[in-house]
Amino acid sequence: MPADSDSPAKTDHPAPAYASRTIALVGLMGAGKSTVGRRLAERLGRKFYDSDHEIEKAAGLSVADIFTLHGEDDFRRGEQRVLERLLGEEPHVLATGGGAYLNAQTRDLLREKAVTIWLNADLETLWRRVQKKNTRPLLRRADARQVLENLLIEREPIYAQADLVVYSKEGPHGTTVNAILKALKSWEPA
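Residues numbered from 1 in each chain as written. Predicted model: local features only at pLDDT ≥ 70, side-chain atom pairs only at ≥ 80, totals over all residues. Heavy atoms only, no water.

Draft legend 1. Representation of the environment of Ala183. By the element assignment, Ala183 lies in helix H8 (residues 173-186). Judged by relative accessible area, which is 15%, Ala183 ranks as buried. For Ala183 and Ile117, which are 66 residues apart along the polypeptide, the C-alpha to C-alpha distance reads 9.1 Å. (Helix = DSSP H or I, 4+ residues; strand = E, 2+ residues; numbered from the N terminus. Buried < 20%, exposed > 50% of the residue type's maximum accessible area, 1.4 Å probe, protein only.)

And the structure:
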């Protein structure tokens, strides 16, 4: 029997499960959230936001200056407000600050509005990457490598609560982007 010419074509593919959600990258500083996030947004045709950059715009200060002048607690309150605002936007790719996911309220909000992906990198990779910038307030100390190791140990169980885990290794960022895209194909909302 011939197809009715007024009926829609059957070649339409359903949108992937993540299509209506922001993709939020979580993990420790140096995991590649901003660099990989920009490339992922480009591949998906989405906007990209870096929460630290958005906090700096809102405060008119650098993250380091906010830590110095107002302390970490004030920074975290501002971070939560910025994340709430960003998660109200149309679906995009979001690179969160290393400590953002530690806040239970922020974690709940991200679970509700986003697909969370832990960019998991080993200590050596993180250490090589963070040494390239001197803008990390928590590492402005003589024992910075030990601080980074302690943060990794403390935060791993919390980061592991993310919807997906993708390993961020040395090499082309496109490799990590491809791993994220592959992981997203299997993601289903809880």
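Draft legend 2. Here's a closer look at empty space enclosed by the protein. Taken as a whole, this structure holds 1 cavity of 30 Å³ or more when the rule is applied. Considered as a void within the structure, the largest cavity measures approximately 40 Å³ in volume. Surrounding the largest cavity, Leu28, Ala31, Trp118, Leu119, Asn120, Ala121, Leu126, Leu152 and Tyr159 form its lining. When residues of the lining of the largest cavity are traced back to their parent elements, those giving at least two are strand E4 (114-120) and helix H7 (144-159). The residue inventory of the lining of the largest cavity, partitioned by class, reads 8 nonpolar, 1 polar and no charged. (1 Å grid on protein atoms, 1.4 Å probe; cavity = no way out; pocket = protein on both sides within 12 Å on 5 of 7 lines; lining within 4 Å. Points joined across faces, edges and corners; volume = space filled by probe spheres on them. Nonpolar A, V, L, I, M, F, W, Y, C, P; charged D, E, K, R; others polar.)

Draft legend 3. Region of interest: the packing of helix H1 (residues 33-44) against H8. At a minimum axis separation of 9 Å, H1 and H8 run at an interaxial angle of 60 degrees. By the angle between their directions, the pair H1 and H8 is classed as oblique. Of the two elements, H1 crosses H8, and the hand of that crossing is right-handed. Of H8, the residues touching H1 (which contributes Thr35, Val36, Arg39, Leu40, Arg43 and Leu44) are His173, Thr176, Val177, Asn178, Ile180 and Leu181. Partitioning the contact of H1 with H8 into residue classes produces 6 nonpolar, 4 polar and 2 charged. (Axes fitted to C-alpha atoms, helices over the stretch in contact; angles between N-to-C directions. Parallel < 35°, antiparallel > 145°, perpendicular 65-115°, else oblique. Left-handed = near helix turned anticlockwise from the far one by under 90°. Contact = heavy atoms within 4.5 Å.)

Draft legend 4. Region of interest: the pattern of salt bridges. All told, the structure shown has 9 salt bridges when counted by the stated rule. The shortest N-O distance in the salt bridge between Glu72 and Arg76 comes to 3.1 Å. Placement of both Glu72 and Arg76 in helix H4 (residues 72-86) is noted, with a separation of 4 residues, approximately one turn of the helix. By relative accessible area, which is 33% here, Glu72 ends up partly exposed. In this structure, the salt-bridge partner of Arg145 is Glu124, at a minimum N-O distance of 2.1 Å. In this pair, Arg145 is assigned in helix H7 and Glu124 in helix H6 (residues 123-130), connecting sequence segments 21 residues apart. Note on Arg145: relative accessible area 29%, which makes it partly exposed. Salt bridges sharing common partners tie together Glu54, Lys57 and Arg85. (Salt bridge = Lys/Arg side-chain N within 4 Å of Asp/Glu carboxyl O.)

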